[in-house]
Amino acid sequence: MLSGRRLDLLDPTPVDIEIEDIAHGLSFVARWNGQTKGDFAYSVAEHSLLVEELFGRLHPTATAKWRLAALLHDAPEYVIGDMISPVKEAVGPGYGALDDRLTAAIHIRFGLPAQTPQRIKTLIKRADRISAWMEAIQIAGFSEEEANKFFGQPDPELVKGLVIRLRPPLSVRAAFTARHNQLLQQL
(Lines give C-alpha, C1' and ligand atoms only; values in the text may rest on other atoms or scores of the structure.)
Protein backbone atom coordinates (compact mmCIF):
# COMPACT_ATOMS: atom_id res chain seq x y z
CA MET A 1 0.00 0.00 0.00
CA LEU A 2 1.13 3.61 -0.44
CA SER A 3 1.28 3.94 3.34
CA GLY A 4 4.00 1.29 3.37
CA ARG A 5 1.72 -1.34 4.88
CA ARG A 6 1.77 -4.84 3.44
CA LEU A 7 -1.77 -6.19 3.19
CA ASP A 8 -2.20 -9.95 2.87
CA LEU A 9 -5.39 -10.20 0.82
CA LEU A 10 -6.00 -13.80 1.86
CA ASP A 11 -5.48 -13.13 5.56
CA PRO A 12 -5.92 -9.38 6.14
CA THR A 13 -5.24 -7.97 9.58
CA PRO A 14 -6.66 -4.70 10.95
CA VAL A 15 -3.18 -3.38 11.78
CA ASP A 16 -2.32 -3.29 8.06
CA ILE A 17 -5.28 -1.10 7.12
CA GLU A 18 -5.06 2.68 6.87
CA ILE A 19 -7.87 5.05 5.89
CA GLU A 20 -5.52 6.93 3.58
CA ASP A 21 -4.95 3.74 1.56
CA ILE A 22 -8.68 3.06 1.41
CA ALA A 23 -9.53 6.64 0.39
CA HIS A 24 -6.76 6.71 -2.21
CA GLY A 25 -7.70 3.39 -3.76
CA LEU A 26 -11.44 4.05 -3.79
CA SER A 27 -10.98 7.48 -5.33
CA PHE A 28 -9.32 5.84 -8.35
CA VAL A 29 -11.73 2.87 -8.71
CA ALA A 30 -14.42 3.70 -11.27
CA ARG A 31 -18.02 2.62 -10.81
CA TRP A 32 -19.99 1.49 -13.84
CA ASN A 33 -16.67 0.29 -15.32
CA GLY A 34 -15.97 3.92 -16.15
CA GLN A 35 -18.95 4.12 -18.51
CA THR A 36 -20.30 7.41 -17.16
CA LYS A 37 -20.68 10.96 -18.41
CA GLY A 38 -18.28 13.65 -17.31
CA ASP A 39 -14.64 14.61 -17.26
CA PHE A 40 -13.82 12.29 -14.37
CA ALA A 41 -14.81 8.71 -13.58
CA TYR A 42 -17.44 8.32 -10.91
CA SER A 43 -15.40 6.73 -8.16
CA VAL A 44 -16.33 4.25 -5.48
CA ALA A 45 -15.21 6.87 -2.94
CA GLU A 46 -17.74 9.37 -4.33
CA HIS A 47 -20.40 6.65 -4.37
CA SER A 48 -19.60 5.77 -0.75
CA LEU A 49 -20.05 9.39 0.33
CA LEU A 50 -23.46 9.42 -1.38
CA VAL A 51 -24.51 6.12 0.19
CA GLU A 52 -23.58 7.42 3.64
CA GLU A 53 -25.67 10.56 3.00
CA LEU A 54 -28.64 8.50 1.80
CA PHE A 55 -28.28 6.13 4.76
CA GLY A 56 -28.52 9.15 7.07
CA ARG A 57 -31.68 10.29 5.29
CA LEU A 58 -33.21 6.82 5.53
CA HIS A 59 -32.27 6.50 9.20
CA PRO A 60 -31.96 10.02 10.69
CA THR A 61 -31.30 8.68 14.19
CA ALA A 62 -28.42 6.45 13.05
CA THR A 63 -25.36 6.66 15.21
CA ALA A 64 -21.96 7.66 13.87
CA LYS A 65 -20.97 3.98 14.13
CA TRP A 66 -23.55 2.89 11.58
CA ARG A 67 -22.97 5.91 9.36
CA LEU A 68 -19.29 4.89 9.34
CA ALA A 69 -20.34 1.37 8.33
CA ALA A 70 -22.32 2.92 5.45
CA LEU A 71 -19.31 4.99 4.38
CA LEU A 72 -17.11 1.88 4.43
CA HIS A 73 -19.65 -0.46 2.80
CA ASP A 74 -17.50 -0.87 -0.34
CA ALA A 75 -14.11 -0.34 1.34
CA PRO A 76 -12.66 -3.73 0.27
CA GLU A 77 -12.82 -2.48 -3.31
CA TYR A 78 -9.76 -0.34 -2.59
CA VAL A 79 -7.73 -3.50 -3.23
CA ILE A 80 -10.07 -5.86 -5.10
CA GLY A 81 -11.73 -3.33 -7.41
CA ASP A 82 -15.39 -2.86 -8.25
CA MET A 83 -17.00 -5.64 -10.23
CA ILE A 84 -20.51 -5.50 -11.57
CA SER A 85 -22.87 -8.00 -9.96
CA PRO A 86 -23.00 -10.49 -12.87
CA VAL A 87 -19.20 -10.77 -12.79
CA LYS A 88 -19.21 -11.26 -9.00
CA GLU A 89 -21.69 -14.10 -9.45
CA ALA A 90 -19.60 -15.66 -12.21
CA VAL A 91 -16.46 -15.54 -10.04
CA GLY A 92 -18.37 -17.51 -7.42
CA PRO A 93 -18.33 -17.75 -3.63
CA GLY A 94 -14.59 -17.12 -3.39
CA TYR A 95 -15.14 -13.44 -4.19
CA GLY A 96 -17.70 -13.10 -1.42
CA ALA A 97 -15.42 -14.81 1.08
CA LEU A 98 -12.54 -12.50 0.19
CA ASP A 99 -14.81 -9.47 0.47
CA ASP A 100 -16.07 -10.68 3.87
CA ARG A 101 -12.53 -11.15 5.25
CA LEU A 102 -11.47 -7.70 4.10
CA THR A 103 -14.64 -6.11 5.46
CA ALA A 104 -14.14 -7.73 8.85
CA ALA A 105 -10.52 -6.49 9.08
CA ILE A 106 -11.54 -2.98 7.99
CA HIS A 107 -14.40 -2.86 10.47
CA ILE A 108 -12.26 -4.04 13.37
CA ARG A 109 -9.57 -1.48 12.44
CA PHE A 110 -12.08 1.36 12.82
CA GLY A 111 -13.96 0.10 15.87
CA LEU A 112 -16.93 -1.48 14.14
CA PRO A 113 -18.17 -5.03 14.67
CA ALA A 114 -16.59 -7.49 12.24
CA GLN A 115 -20.06 -8.28 10.89
CA THR A 116 -22.68 -5.60 10.42
CA PRO A 117 -26.06 -6.49 11.95
CA GLN A 118 -28.56 -7.57 9.29
CA ARG A 119 -30.93 -4.68 10.05
CA ILE A 120 -28.16 -2.15 9.36
CA LYS A 121 -26.94 -4.08 6.29
CA THR A 122 -30.47 -3.92 4.89
CA LEU A 123 -30.63 -0.13 5.35
CA ILE A 124 -27.18 0.31 3.80
CA LYS A 125 -28.18 -1.90 0.86
CA ARG A 126 -31.32 0.21 0.40
CA ALA A 127 -29.19 3.38 0.32
CA ASP A 128 -26.84 1.62 -2.12
CA ARG A 129 -29.72 0.81 -4.50
CA ILE A 130 -31.02 4.38 -4.31
CA SER A 131 -27.51 5.60 -5.11
CA ALA A 132 -27.38 3.23 -8.10
CA TRP A 133 -30.75 4.63 -9.28
CA MET A 134 -29.41 8.18 -9.05
CA GLU A 135 -26.17 7.23 -10.79
CA ALA A 136 -28.04 5.43 -13.56
CA ILE A 137 -30.16 8.48 -14.37
CA GLN A 138 -27.67 11.27 -13.74
CA ILE A 139 -24.44 9.89 -15.17
CA ALA A 140 -24.88 6.42 -16.74
CA GLY A 141 -27.37 7.25 -19.48
CA PHE A 142 -30.40 5.32 -18.20
CA SER A 143 -33.91 6.64 -18.64
CA GLU A 144 -35.90 6.99 -15.42
CA GLU A 145 -38.08 4.08 -16.57
CA GLU A 146 -35.02 1.84 -17.00
CA ALA A 147 -33.59 2.86 -13.63
CA ASN A 148 -36.93 2.17 -11.94
CA LYS A 149 -36.98 -1.30 -13.50
CA PHE A 150 -33.48 -2.23 -12.32
CA PHE A 151 -33.22 -0.42 -9.00
CA GLY A 152 -36.75 0.52 -7.94
CA GLN A 153 -38.05 4.07 -7.75
CA PRO A 154 -37.04 5.86 -4.55
CA ASP A 155 -39.17 8.28 -2.60
CA PRO A 156 -38.61 11.64 -4.33
CA GLU A 157 -38.21 13.36 -0.95
CA LEU A 158 -35.31 11.06 -0.13
CA VAL A 159 -33.23 12.17 -3.13
CA LYS A 160 -34.39 15.78 -3.15
CA GLY A 161 -31.47 18.16 -3.62
CA LEU A 162 -28.89 15.42 -4.20
CA VAL A 163 -26.81 15.81 -7.33
CA ILE A 164 -23.98 13.53 -8.35
CA ARG A 165 -20.71 15.41 -8.54
CA LEU A 166 -17.76 14.23 -10.55
CA ARG A 167 -14.54 15.46 -9.01
CA PRO A 168 -10.87 14.76 -9.53
CA PRO A 169 -9.66 11.73 -7.56
CA LEU A 170 -7.56 13.78 -5.14
CA SER A 171 -10.57 15.96 -4.22
CA VAL A 172 -12.72 12.88 -3.63
CA ARG A 173 -9.95 11.27 -1.59
CA ALA A 174 -9.77 14.34 0.65
CA ALA A 175 -13.57 14.46 1.07
CA PHE A 176 -13.73 10.74 1.90
CA THR A 177 -10.91 10.99 4.45
CA ALA A 178 -12.46 14.10 6.02
CA ARG A 179 -15.87 12.44 6.37
CA HIS A 180 -14.27 9.33 7.85
CA ASN A 181 -12.41 11.47 10.40
CA GLN A 182 -15.62 13.37 11.31
CA LEU A 183 -17.45 10.11 11.96
CA LEU A 184 -14.55 8.67 13.99
CA GLN A 185 -14.51 11.81 16.16
CA GLN A 186 -18.24 11.36 16.82
CA LEU A 187 -17.75 7.77 18.03
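Each value, and the rule that gives it
- Residues numbered from 1 in each chain as written.
- Predicted model: local features only at pLDDT ≥ 70, side-chain atom pairs only at ≥ 80, totals over all residues.
- Heavy atoms only, no water.
- Helix = DSSP H or I, 4+ residues; strand = E, 2+ residues; numbered from the N terminus.
- Rg over C-alpha atoms; globule rule 2.2 N^0.38 Å.
- Buried < 20%, exposed > 50% of the residue type's maximum accessible area, 1.4 Å probe, protein only.
- Axes fitted to C-alpha atoms, helices over the stretch in contact; angles between N-to-C directions.
- Parallel < 35°, antiparallel > 145°, perpendicular 65-115°, else oblique.
- Left-handed = near helix turned anticlockwise from the far one by under 90°.
- Contact = heavy atoms within 4.5 Å.
- Nonpolar A, V, L, I, M, F, W, Y, C, P; charged D, E, K, R; others polar.
- Phe/Tyr/Trp six-rings, centres within 6.5 Å; stacked < 30°, edge-to-face > 60°.
- Patch = residues over 30% accessible without salt bridge, like charges linked within 9 Å, V, L, I, M, F, W, Y side chains within 5 Å.
- Areas by Shrake-Rupley, 256 points an atom, 1.4 Å probe, with all protein chains shown as cover.
- Salt bridge = Lys/Arg side-chain N within 4 Å of Asp/Glu carboxyl O.

(A) A look at the overall build of the chain. Along the chain, the regular secondary structure elements total 10 helices and 0 strands. Its helices and strands in sequence order give the chain the pattern α-α-α-α-α-α-α-α-α-α, from N to C terminus. Over its C-alpha atoms the chain spans a radius of gyration of 16 Å, differing by no more than 12% from the 16 Å that the globule rule assigns to 187 residues. By the burial criterion, 48% of the 187 residues in the chain qualify as buried.

(B) Molecular detail of the packing of helix H1 (residues 19–28) against helix H10 (residues 169–186). Following both chains from N to C, one finds H1 and H10 inclined at 140°, their axes separated by 8 Å at the closest point. Considering their axes alone, H1 and H10 lie oblique with respect to each other. H1 and H10 meet at a crossing whose hand is right-handed. Of the residues in H10, those in contact with Ile19, Ile22, Ala23, His24, Leu26, Ser27 and Phe28 of H1 are Pro169, Val172, Arg173, Phe176, Thr177 and His180.

(C) Structural detail: the packing of helix H2 (residues 44–58) against helix H7 (residues 118–138). In the contact formed by H2 and H7, the axes pass within 8 Å of each other and the chain directions differ by 120°. Between H2 and H7, the interaxial angle falls into the category oblique. Note that H2 runs across H7; the crossing there is right-handed. Note on element contacts: H7 touches H2 through Ile120, Leu123, Ile124, Arg126, Ala127, Asp128, Ile130, Ser131, Met134 and Glu135, opposite His47, Leu50, Val51, Leu54, Phe55 and Leu58. Class assignment for the residues of the contact of H2 with H7 results in 11 nonpolar, 2 polar and 3 charged.

(D) Region of interest: the packing of aromatic side chains. Tallied over the full model, the rule gives 5 aromatic pairs. Ring geometry for Trp32 against Phe151: centres 6.2 Å apart, planes inclined by 80°, an arrangement best described as edge-to-face. Of this pair, Trp32 sits in the loop between H1 and H2 while Phe151 sits in helix H8 (residues 144–151), placing them 119 residues apart in sequence. Plain terms: the ring middles of Phe142 and Phe151 are 6.3 Å apart, the flat faces sit at 45° to each other, and that makes the pair tilted. Linked through ring pairs, Trp32, Phe142, Phe150 and Phe151 together constitute an aromatic cluster.

(E) Spotlight on a nonpolar patch on the surface. Where nonpolar side chains cluster on the molecular surface, the patch consists of Ile84, Val87 and Val91 and spans about 220 Å² of accessible area. Mapped onto the elements of the fold, Val87 is located in helix H5 (residues 85–91).

(F) Quick peek at unusual backbone geometry. Although it is not a glycine, Trp32 adopts a positive phi angle of roughly 60°. Positive phi values are uncommon outside glycine, yet Asn33 reaches one of about 50°. Of note, Asn33 is situated in the loop between H1 and H2. Among the residues examined, Asn33 registers a relative accessible area of 48% and is labelled partly exposed.

(G) Quick look at the pattern of salt bridges. Counted according to the given criterion, the structure contains 8 salt bridges. For Glu52, the salt bridge identified is with Arg179, shortest N-O distance 2.8 Å. Here Arg179 lies in helix H10 and Glu52 lies in helix H2, a separation of 127 residues in the sequence. For the pair shown, Glu52 and Arg179 are each scored as buried. Across the pair Glu53 and Arg57 runs a salt bridge whose closest N-O atoms are separated by 3.1 Å. Note that Glu53 and Arg57 are positioned in helix H2 at a spacing of 4 residues, about one turn of the helix. Residue classification places Arg57 among the partly exposed positions, given a relative accessible area of 30%. Several salt bridges share partner residues, and in doing so they unite Arg5, Glu18 and Arg109 into one network.

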